[in-house]
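Coordinate inspection notes
What follows is the residue order along each chain.
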Amino acid sequence: MSMPPSPTAESFRVSDSAARRLREILDEQPTGADDEPALRVSVLAGGCNGFQYKFALDPATMPDDIVITAGDARVLVDPASMDLLAGAELDFNDSLMGAHFTVRNPNAASSCGCGTSFSVE
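Section: helix α1 (residues 16–27)
Across its 12 residues, α1 extends 16 Å between first and last C-alpha, which sits within 8% of the 16 Å expected from 1.5 Å per residue. Looking at α1, one finds that the buried residues are Ala18, Ala19, Leu22, Arg23, Ile25 and Leu26. Considered in projection along α1, the buried side chains sweep an arc of 160° and stay on one side of the axis. Pointing more than 90 degrees away from the buried face of α1 are the exposed residues Asp16, Arg20 and Asp27.

Given below as structure tokens:
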């Protein structure tokens, strides 16, 4: 019996609009740090559907992080979160309901109205 392949940076995509918005956010950050922060995308237990997405700027790359290139910026995902994000896409949505990062996740069996929590089967 073969094991499924390990998630890689290719299994989680970043849309052009998300990469552009991330670059805008990073350009607004104070300069002077040795390393530019990256956007960390995590999946945490909780939320109204069982799991929730968390987005945060993080200056530290952990040794086991999966690094995704987003234009000239970086997105970091830990291996446990990548298991739930494989095949998904990070996007940036700017609509009447507000502007925010969102994840289009084919693994999500259901999600809440705000789009920040989801469940899997």
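What about the nonpolar core?
By size, the foremost hydrophobic cluster in this structure holds 25 residues, and its most contacted members are Phe12, Val75, Leu85 and Leu90. Where this core is concerned, the elements lending two or more residues are β1 (12–14), α1, β2 (38–45), β4 (66–70), β5 (73–77), α2 (79–85), β6 (88–95) and β7 (98–104). In terms of residue count, the dominant contributor to this core is α1 (five residues).

Some details on the sheet that holds β6
Strands belonging to one sheet form pairs held by backbone hydrogen bonds; the direction of such a pair is parallel or antiparallel. Strand order across the open sheet formed by three strands is β1-β6-β7, with mixed pairing between neighbours. Of all strands in the sheet, those with a lone pairing partner are β1 and β7, marking the two edges. Taking each pair of neighbouring strands and ignoring which way they run, the sheet shows an average axis angle of 25°. Two strands pair when backbone bridges link them, and β1 and β6 are joined in this way by three bridges, in the parallel orientation. For Val14, the partnering residue across the bridge sits in β6 and is Leu90. This element, α1, spans β1, β6 and β7 of the sheet and lies at about 70° to β6.

Topic: the pattern of salt bridges
Opposite charge on two side chains allows them to pair when their charged atoms are near. For the structure shown, the criterion picks out eight salt bridges. Measuring nitrogen to oxygen at the nearest pair gives 2.5 Å for the salt bridge that ties Arg23 to Glu36. Note that Arg23 is positioned in helix α1 and Glu36 in the loop between α1 and β2, a separation of 13 residues in sequence. With its nearest N and O atoms 2.7 Å apart, the salt bridge here joins Asp58 to Arg40. Of this pair, Asp58 sits in strand β3 (residues 51–58) while Arg40 is found in strand β2, placing the two residues 18 residues apart along the sequence. Judged by its relative accessible area of 13%, Arg40 is buried. One continuous salt-bridge network, built from bridges that share partners, spans Arg23, Asp27, Glu36 and Asp72.

Looking at the packing of aromatic side chains
Tallied over the full model, the rule gives two aromatic pairs. Relative to Phe101, the ring of Phe55 has its centre 6.0 Å away and its plane inclined at 40°; by these criteria the two rings are tilted. Within this pair, whereas Phe55 is found in strand β3, its partner Phe101 is found in strand β7, the two being separated by 46 residues in sequence. Where Phe92 meets Phe101, the ring centres are 5.3 Å apart and the plane angle is 70°; that geometry is what we call edge-to-face.

Analysis parameters
- Residues numbered from 1 in each chain as written.
- Predicted model: local features only at pLDDT ≥ 70, side-chain atom pairs only at ≥ 80, totals over all residues.
- Heavy atoms only, no water.
- Helix = DSSP H or I, 4+ residues; strand = E, 2+ residues; numbered from the N terminus.
- Expected span 1.5 Å × (residues − 1).
- Buried < 20%, exposed > 50% of the residue type's maximum accessible area, 1.4 Å probe, protein only.
- Arc of directions from axis to C-beta.
- Core = buried A, V, L, I, M, F, W, Y, C linked by side-chain atoms within 4.5 Å.
- Pairing = 2+ DSSP bridges.
- Axes fitted to C-alpha atoms, helices over the stretch in contact; angles between N-to-C directions.
- Contact = heavy atoms within 4.5 Å.
- Salt bridge = Lys/Arg side-chain N within 4 Å of Asp/Glu carboxyl O.
- Phe/Tyr/Trp six-rings, centres within 6.5 Å; stacked < 30°, edge-to-face > 60°.

Without other data, these values stay purely geometric and don't point to any function.
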